[in-house]
Every structure is written in structure tokens, then in C-alpha cells.
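Coordinate analysis (summary)
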Protein chains: 2
Amino acid sequence: MTGVHVAGVGMTRFGKFPGLGVADLGVEAVLAALDDAGLEPRGVQAAYAGHARTGRLLGRENGVGQLVLGQLGVRGIPVAGVGNFCASGSTAFREAALAVLSGLYDVVLALGVEKLSVRPEKGKPLTSDGMEFEGEFGFTPPAFFALVARSYMARTGATPEQFAAIAVKNREHAAHNPYAQYRDPVTVAEVLGSRTVADPLTLLSCCPTGDGAAAAVLVSDRAADRIGRARTVPVRAVSLLSGFGDPTLTGHFEVDRAAAREAYERSGVDPSDVDLAEVHDAFTVTEMIHYEDLLLCPEGEGPKYVADGLTSIGSRIPVSTSGGLLSKGHPLGATGLAQIHEVVTQLRGEAGARQVRGARVGLAHCAGGFLDGDVASSAVAVLGG
Amino acid sequence: MTGVHVAGVGMTRFGKFPGLGVADLGVEAVLAALDDAGLEPRGVQAAYAGHARTGRLLGRENGVGQLVLGQLGVRGIPVAGVGNFCASGSTAFREAALAVLSGLYDVVLALGVEKLSVRPEKGKPLTSDGMEFEGEFGFTPPAFFALVARSYMARTGATPEQFAAIAVKNREHAAHNPYAQYRDPVTVAEVLGSRTVADPLTLLSCCPTGDGAAAAVLVSDRAADRIGRARTVPVRAVSLLSGFGDPTLTGHFEVDRAAAREAYERSGVDPSDVDLAEVHDAFTVTEMIHYEDLLLCPEGEGPKYVADGLTSIGSRIPVSTSGGLLSKGHPLGATGLAQIHEVVTQLRGEAGARQVRGARVGLAHCAGGFLDGDVASSAVAVLGG
């Protein structure tokens, strides 16, 4: 893909913000993205708002984008809400890219926002849409991914210590990211010693929830020329695929593999050319599995990559340089665009103490739903180069 | 706009179907649209699912499209949920058109589905997102549109009898539409004599709710050539605009006017060339206002157009040939695509006893949210020609 560039990114810090609503969070992220792009709010020609839970939790199933943009005085433009589980923000990014590619718009905003610290129904588990019945019986995402972890361990010999090392690494990265919710270092012993959620996953092996928003301004070639390309980052591919309906627990996700293959094919980027990746590390084990599924390491070598520290900043293929979901938290709709925020920041060389030196190509990956079913999505974007 | 065609449309009958879920409804509509296009399910390359209330009413805020397509064995394609109040289906249609225009896909499905006959919280009014507080005090959509009606009456001299004549006309049209929920004729006296909802709007002046689904298959030039263009209908424009935040009750909707202007400009179609229109007749009064806002009649002549029967089939500019929302019911997400279903059926000359003779150009209009605020949308599509 050519013809689409990220001209600006912005985000709120992720955390629990009882005093802020989705509009407050969204406005902050959009203003930051526009400021970063050097554009006024009135320059936005179309917008997409990604959110996965604002309807059920806040009674805002529609109109979140209009609510945010109206407060900025942006009216009379196309605004659509998009939902796709945890990949809602990634889907908003994709739709914005397609809108630019359509030739109808030169400047399109992608916003992702979520507020998970408000729970109207206390005690109800927060699980994937359509999985409430299973959730009541304990089959929540952590339970599912614990089974996936067991499956992956049986196949590769990965250990809980190696999984824990991912949480440790991501916290090390997060120490340098002012937008991350948790920035204090943790040790392998602390990760393993934290409360068991679903064996082998402990509390610090699971991403926290949170509130937050992130946004990106996507522009056409023409608008990139007008803005000046010094800080624009080309979008090479945005792949989105629904699940394959395979109910077996293989310790891999076929939908992620297919989405990655498509993104590499469309971008013309070889996996070995990727300089950094933000992946959907909702759980420590999933980050390791994503290394393999996204072709960032050879099959079965996830444990070795972690043991050798190859996915830390400064090593072979830095993953979750932002601190990942494990450190930032995971306000569903905001996550995919926060990943874009990090990748763009890195590719511009503006990541400060967490900068990946010489980063030219970055990948962002987000997945949603129960990945072994039909009702799931995987999104992979390749930027830079 | 060129380069996008509707190759197939399908829908369920609208009504109250306690035994059917959104997946059942969606599958029926999608299979009908694919059959109409002469395509197999595996031919779908990308899909959008429009729905406005499945999250809050059914716990399905995400994954509705995947749920439907998975049952048809369609997996591993991009699927996104889109929401935009009552214009959710129209927005799904627009996003599908943009996806084709992006050049990435040749065959894209737009699905709209809703199930309103299930209400988890009995007695709670069903109002627009973010308007629950006002709703508790009685300021629901009928109350708002009753004020709009008063405003329009004051400006134009329109009478409740003229509004009622729209309900009568739409039922006459619906008698010939097997997909309409209510097909029995009604009289002006019956409309005026039905229970008052919000003066001057009576029960039969307001659209019923309901369950239903509708779908369209959109294709590129290349795919249209492959399929054969005998029954494909070109999409000339898909306009979508958010609200302008004007809080005054003027008896007009600026956002609809702007969306219509954009659609006419982009399509190169003059309003006088429109042969039929499906408009958002959620209330009798709004249909009359839409005549003017969509430039289907001169300013202030809505009452005259109704008095003279100029919007009936066989007359100057037939409106709501399907029977409209007033007869079909209004399962939010499905409505916009049901309008496309009707326009395409008419432009192909396949509408049977309700056929508009010589129909070449059709318009579909759907609006969502409280139209006088920011948090609203208007969608106008122009097809054919």
C-alpha cells in the first residue's frame, strides 16, 4: 500500500481516571494528534472512533466520535463509530487508511477511546461479547489464555519463568514511557509470586485495564506534501482478518499468522526488516506466541528469544517498546492507536530513552475476541521504510 | 463517484420475531443478497456490519458481522462493526463503498441488523445514546419531533391532516411490499384518531420498532464486468455528515441539507433527476421536512406536495415506495440497507406492483441522533443513472 501517511499521533496517559469521561479523554488525544500534525481541528475531513465497551459500560454505543469532535468545533464531516473487540482502535486506523485510499479525503482522523474503570454492574466479569455464559462459569480470557499457555509450554518447553521475563522486560521499557500506567520495575520473582489468576498466569502476567484515548491523523500523498514530509510516516499495510473458527488450542493463532502474512505481502516488507513491534501482549504468554505468529522469530524459538533478551530495546527485535499492554494497561478501543503512537514515535526517532536506534520499519498488532473462534479479529499494520 | 456498484441486495421481512436472533436475521439477509448477486459466500472479500443497539440490548457490541459470516463459513476476511445511531446501516453501506474505492477489494458486503423486540430493562424508554437523562423526563425522540412539527407547522401552515396523509400514502405503498411489517391500509381519520404520543404526533404518525436485517453486495468495476452489468446498479455518491450543533428548532435539519448538497454535487445528479426516494420517515412530519431538505420539493411546499399526492407512486416524485419506516418498522441498523434494497429493486424495475415506471435515479436518506445537536449524522446515497 502507498498513498497513506501518519502525520500526527497523540494520546492520554493510560490509567484510572474517575473524573474524566470518554469525551475528555478523546478530546485530549485528538488535540495532541492534531498539534503533532500541525493541523487545526477544522482541517479534519473525516473521522473514525474505535471503542468496544462504551455502549455497555457507559450507554454510548453511538456518537462517541461526534461527541469528541463537537467539543472541538468539528462538525459537518463524516464520523463513524467502529467496533472490533480489542482491535477496535486498530480497525479505526484501518478504516481511516481506506478512507484516504478511496481518494475522497486528504485528512482523516482515527480515534480510539475507552473507559473501563466504571463498571455499572459490580462483580460482573468483563469478558468478550457473546462469552458471558462461559464467563459466569469461569471461562474468561485469562482462563482461555492459561490453556493456550499450557499448550504452548507442552509444544515448546517454555517455562513460567520465561513468560514472567516478558513482564519484566516490558516494565523496563515502560519506565521510559510517560504514557504508561505502571512504570515501576518488577522482577521475575514478583511476577511469579503475584496472585494466581489462572495457572500459570499470575496477576502481573495479565495486562491491567484502564481508561485512555489515542489518536492518529492519516493523510494522503498530497496532504503529506503540503504538511511537509519531515515527520510523516508512511503506512505500508493495514491488514485485518476475522477468525478461522478453529476450536483447538494449538498455542498459536492462525488468524494472526494470516494477518501478518497479508501485511508483509502488501507492504513488501520482509519480517527480517522489522525494527520494532508493538504486539497484543494482553498476557505474557501471548507476547511470546506473537513473536512466532508474526514471524519475528523462528517457529518454537519464542522461549529462546526471551531467555536471550532478543526482544529488549537494544537487541535484535525490540517488542513492546512502549511497555506494552502489560505496563500501559488495555483500554480496549484505545490500545490499537496507542500502538500506532509508539511505532510512529519510534520511527521518527522521538522516543527518548526508549528509542530503538536506527528504527526504519515498525509493526503494530492487535487481536480481538476469543482467537480460536470465528468471532475474532486480528489487525496488523506495517509502517515506515 | 464512480467505480462502485450494487450487485445484490437482500433483506428479511421486518417485524417482531421472538424466536430469531441477530445471527439468524443476518444470515437470511446476507444469503439473499449473495443469491441476488449470483455469488457464493466465499466470494465476499470484506464486510461491514451496522448495528446501533445490539450491545446494550443483546450484549453484542462487537463481532456481529463475524457471528453472521462465520455461520456461512466466511472466515479470514476483514470484518468491522459500525455504529451511527439510526444511520448505522447507511454507514455500513458507505464504508463498504469506500473499501471498494480504496482499490483493495472487489466484493464487499454491507450488512445491517437489529433486534429491538427484546428489551432487557422493561419500561425503560429507548432513546438516543447520551439522551437517557432527558428521556427520563419525557424528552424522547417523539417529544423532540413533535416540537419540530409545531415549528414546521408555524412556518408553513402544514396541518395534522397533511402529516397523516403521509402515513396513509406509505401504507398504500407497503401493501405491495412483502418485506413490510404493516401492510393494511389506514385512513387519515385512523391516523389522527390513534393514541396521542406527543401532540401532534399520534401512534400511527410514528414508525414502529421491530427486528430485521438487510444487506447489499458492493463491487468494483472489474467485478461488475465479471458478474455482468445487467442487474448491477452504480453508486453515484455516498455522503455522510455529522451534526452542526444548532440547538434551535427550525423545522429543518441543516445536516440533512448539507449531506444532500454534497451527494448531489458528488454524483452530478440534479435533484430534479431523482425518480424516487427512500427517506427517514421515522415520523410523518419528518418525511415532509425531508422533501424540502433533500431538495425534492421547493422550500415550504411540503404540505402542497402531500395535499396534491405528488409523492405517491405514479406521481411526480414517489417517496417511501417501500412503505417507509412508518410501515416497515425501524430496526435501526437494518433500516439504511433496507432503503438501499428498495432503491436497487426499483432501479432494476423489479418492484412489481409498487414499481416506479422508468425509474433511473434513486436516493436513500437516513439520519441518526438528535438532529439538532452535534451528536448526530445524516447519510444520503444516490444510485443509478
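Bear in mind that the values here come from a model prediction, so they are computed numbers and not experimental data.

Describing the overall build of chain A
The helix and strand inventory of chain A stands at 14 helices and 11 strands. Computed over C-alpha atoms, the radius of gyration of chain A comes to 19 Å, within 12% of the 21 Å expected from 2.2 N^0.38 for 385 residues, which places it in the range of a compact globule. Projected onto its principal axes, the C-alpha coordinates of chain A cover approximately 55 × 45 × 40 Å. Residue burial in chain A is summarised as follows: out of 385 residues, 68% are buried. The contacts in chain A between residues at least 6 apart in sequence include a share of 77% that link residues at least 24 apart.

Thoughts on the environment of Ser312(B)
As for its position among the elements, Ser312(B) is in the loop between helix H12 (302–307) and helix H13 (324–328). With near-sequence residues (within four places) excluded, Ser312(B) lies in contact with Lys169(B), His173(B) and Pro318(B).

Quick look at the relation of the copies chain A and chain B
Relative to chain B, chain A is turned by 180 degrees and slid 0.0 Å along the rotation axis, the superposed coordinates differing by an RMSD of 0.0 Å. What the rotation and shift describe, once combined, is the action of a two-fold rotation axis.

Overview of the packing of helix H6 (residues 141–156) of chain B against helix H11 (residues 284–293) of chain B
All names here are of chain B. Contact geometry for H6 and H11: axes closest at 10 Å, N-to-C directions at 55 degrees. With respect to H11, the element H6 is oriented oblique. The two elements H6 and H11 cross, and the hand of that crossing is left-handed. Of H11, the residues touching H6 (which contributes Phe145, Val148, Ala149, Tyr152 and Arg155) are Val285, Thr286, Met288, Ile289 and Glu292. Considering only residue class, the contact of H6 with H11 consists of 7 nonpolar, 1 polar and 2 charged.

Examining the domain arrangement of chain A
All names here are of chain A. Domain parsing of chain A yields domain 1 (4–118 + 210–233) and domain 2 (132–207 + 237–384). Its C-alpha centre places domain 1 at a distance of 23 Å from the equivalent point of domain 2. If you look at the interface, domain 1 gives 45 residues, while domain 2 gives 38 residues. Summed over both partners, the interface of domain 1 with domain 2 buries about 3100 Å², with 69% contributed by carbon and sulfur atoms. Considering only the side of domain 1, the residues that lose the most area to domain 2 are Met11, Phe14 and Cys86, jointly responsible for 23% of the buried surface there.

Some words on the interface of chain A and chain B
With 51 residues of chain A in contact, the opposing surface of chain B contributes 51 residues. Each partner contributes to the roughly 4100 Å² buried at the junction of chain A and chain B, and carbon and sulfur atoms together form 48% of this total. It is Glu61(A), Asn62(A) and Gln66(A) in chain A that bury the most area against chain B; as a group they hold 16% of the surface buried on that side. Summed over the shared surface of chain A and chain B, the number is 2 salt bridges. The salt bridge involving Arg75(A) is made with Asp374(B); its shortest N-O contact spans 2.3 Å. Summed over the shared surface of chain A and chain B, the number is 44 residue pairs in polar contact (both at pLDDT 80 or more). For the side of chain A that touches chain B, the secondary-structure elements that each account for two or more residues are helix H2 (54–58), helix H3 (64–71), strand E3 (79–83), helix H4 (88–101), strand E8 (233–242) and strand E11 (376–384) of chain A. Broken down by element, the side of chain A that touches chain B gets its largest block of residues, 7 residues, from H4(A). Partitioning the side of chain A that touches chain B into residue classes produces 20 nonpolar, 20 polar and 11 charged. Pairing analysis gives 3 bridges linking E3(A) to strand E3 (residues 79–83) of chain B, with the strands arranged antiparallel. Bridge pairing in E3(B) places Gly81(A) opposite Gly83(B).

A word on helix H11 (residues 284–293) of chain A
Residues and elements named next belong to chain A. With 10 of 10 residues buried, H11 lies mostly within the body of the structure. The set of residues buried in H11 consists of Thr284, Val285, Thr286, Glu287, Met288, Ile289, His290, Tyr291, Glu292 and Asp293. Once H11 finishes, Leu295 follows within two positions and takes phi at roughly 65 degrees, a positive value.

A word on empty space enclosed by the protein
A full pass over the atoms with the stated rule returns 5 cavities of 30 Å³ or more. Reported here for the largest cavity is a volume of approximately 100 Å³. Contributing to the lining of the largest cavity are His51(A), Glu61(A), Gly81(A), Val82(A), Gly83(A), His51(B), Glu61(B), Gly81(B), Val82(B) and Gly83(B). Only E3 of chain A together with E3 of chain B provide two or more residues apiece to the lining of the largest cavity. Of the residues in the lining of the largest cavity, the class split is 2 nonpolar, 6 polar and 2 charged.

What to know about the pattern of salt bridges
All names here are of chain A. On inspection of all chains with the given rule, the structure shows 48 salt bridges over all chains. Among the ionic pairs, Asp129 bridges to Arg56, the shortest N-O distance being 3.4 Å. Residue Asp129 is located in the loop between strand E4 (107–115) and helix H5 (132–136), and its partner Arg56 is located in helix H2; the two are separated by 73 residues in the primary sequence. Between Glu132 and Arg56 there is a salt bridge whose closest N-O contact spans 2.9 Å.

Quick word on the pairing of strand E2 (residues 46–50) of chain A
Residues and elements named next belong to chain A. Extensive coverage of E2 is indicated by the burial of 5 of its 5 residues. Neither face of E2 is left uncovered, since the one carrying Ala46, Tyr48 and Gly50 and the one carrying Ala47 and Ala49 both have all their residues buried. Note that E2 and E4 share 5 bridges and pair parallel. Its bridge partner lying in E4, Gly50 is registered against Gly112. As paired strands, E2 and E3 are joined by 4 bridges and run parallel to one another.

Points about unusual backbone geometry
The step from Asp199(A) to Pro200(A) runs through a cis peptide bond, and the omega angle for that step is 10 degrees. Tracing the chain through its elements places Pro200(A) in the loop between strand E5 (196–198) and strand E6 (201–202).

Side note on the pairing of strand E8 (residues 233–242) of chain B
All names here are of chain B. Burial of E8 is extensive: 8 of the 10 residues sit out of reach of the surface. Where strand E1 (residues 4–11) lies against E8, 2 bridges are found, and the strand directions are antiparallel. Looking at the pairing, His5 lines up with Pro234 of E8.

Quick notes on the nonpolar core
Formed by 78 residues in total, the largest nonpolar core has its most connected members in Phe93(A), Ile340(A), Leu383(A), Phe93(B), Ile340(B) and Leu383(B). With residues up to four places along the chain from it excluded, the contact list for Ile340(A) reads Val9(A), Phe93(A), Ala216(A), Ala364(A), Ala381(A) and Leu383(A).

Some points on the side chain of Gln162(A)
Following the sequence through the fold, Gln162(A) ends up in helix H7 (residues 160–174). Look past the residues within four positions of Gln162(A) in its chain and what remains in contact with it is Gly157(A), Met288(A), Pro303(A), Val306(A) and Ala307(A).

Focus: the packing of aromatic side chains
In total, this model carries 12 aromatic pairs over all chains according to the counting rule given. Look at Phe133(B) and Phe137(B): their rings are 5.2 Å apart centre to centre, the planes differ by 55 degrees, and that puts the pair in the tilted class.

A look at the side chain of Arg257(B)
All names here are of chain B. Assignment of secondary structure puts Arg257 in helix H10 (residues 254–267). Polar contacts involving the side chain of Arg257 include one to the side chain of Glu299, which spans 3.1 Å. Ignoring sequence-local partners within four residues, the contact set of Arg257 consists of His252, Asp293 and Glu299.

Rules and cut-offs
Residues numbered from 1 in each chain as written. Chains lettered and ligands numbered in written order. Predicted model: local features only at pLDDT ≥ 70, side-chain atom pairs only at ≥ 80, totals over all residues. Heavy atoms only, no water. Helix = DSSP H or I, 4+ residues; strand = E, 2+ residues; numbered from the N terminus. Rg over C-alpha atoms; globule rule 2.2 N^0.38 Å. Buried < 20%, exposed > 50% of the residue type's maximum accessible area, 1.4 Å probe, protein only. Contact = heavy atoms within 4.5 Å. Least-squares fit on C-alpha atoms with pLDDT ≥ 70 in both. Axes fitted to C-alpha atoms, helices over the stretch in contact; angles between N-to-C directions. Parallel < 35°, antiparallel > 145°, perpendicular 65-115°, else oblique. Left-handed = near helix turned anticlockwise from the far one by under 90°. Nonpolar A, V, L, I, M, F, W, Y, C, P; charged D, E, K, R; others polar. Domains from an automatic or database assignment. Buried area = accessible area lost by both parts, 1.4 Å probe. Salt bridge = Lys/Arg side-chain N within 4 Å of Asp/Glu carboxyl O. Polar contact = N/O pair within 3.5 Å; in protein donor to acceptor, adjacent residues only side chain to side chain. Pairing = 2+ DSSP bridges. 1 Å grid on protein atoms, 1.4 Å probe; cavity = no way out; pocket = protein on both sides within 12 Å on 5 of 7 lines; lining within 4 Å. Points joined across faces, edges and corners; volume = space filled by probe spheres on them. Core = buried A, V, L, I, M, F, W, Y, C linked by side-chain atoms within 4.5 Å. Phe/Tyr/Trp six-rings, centres within 6.5 Å; stacked < 30°, edge-to-face > 60°.

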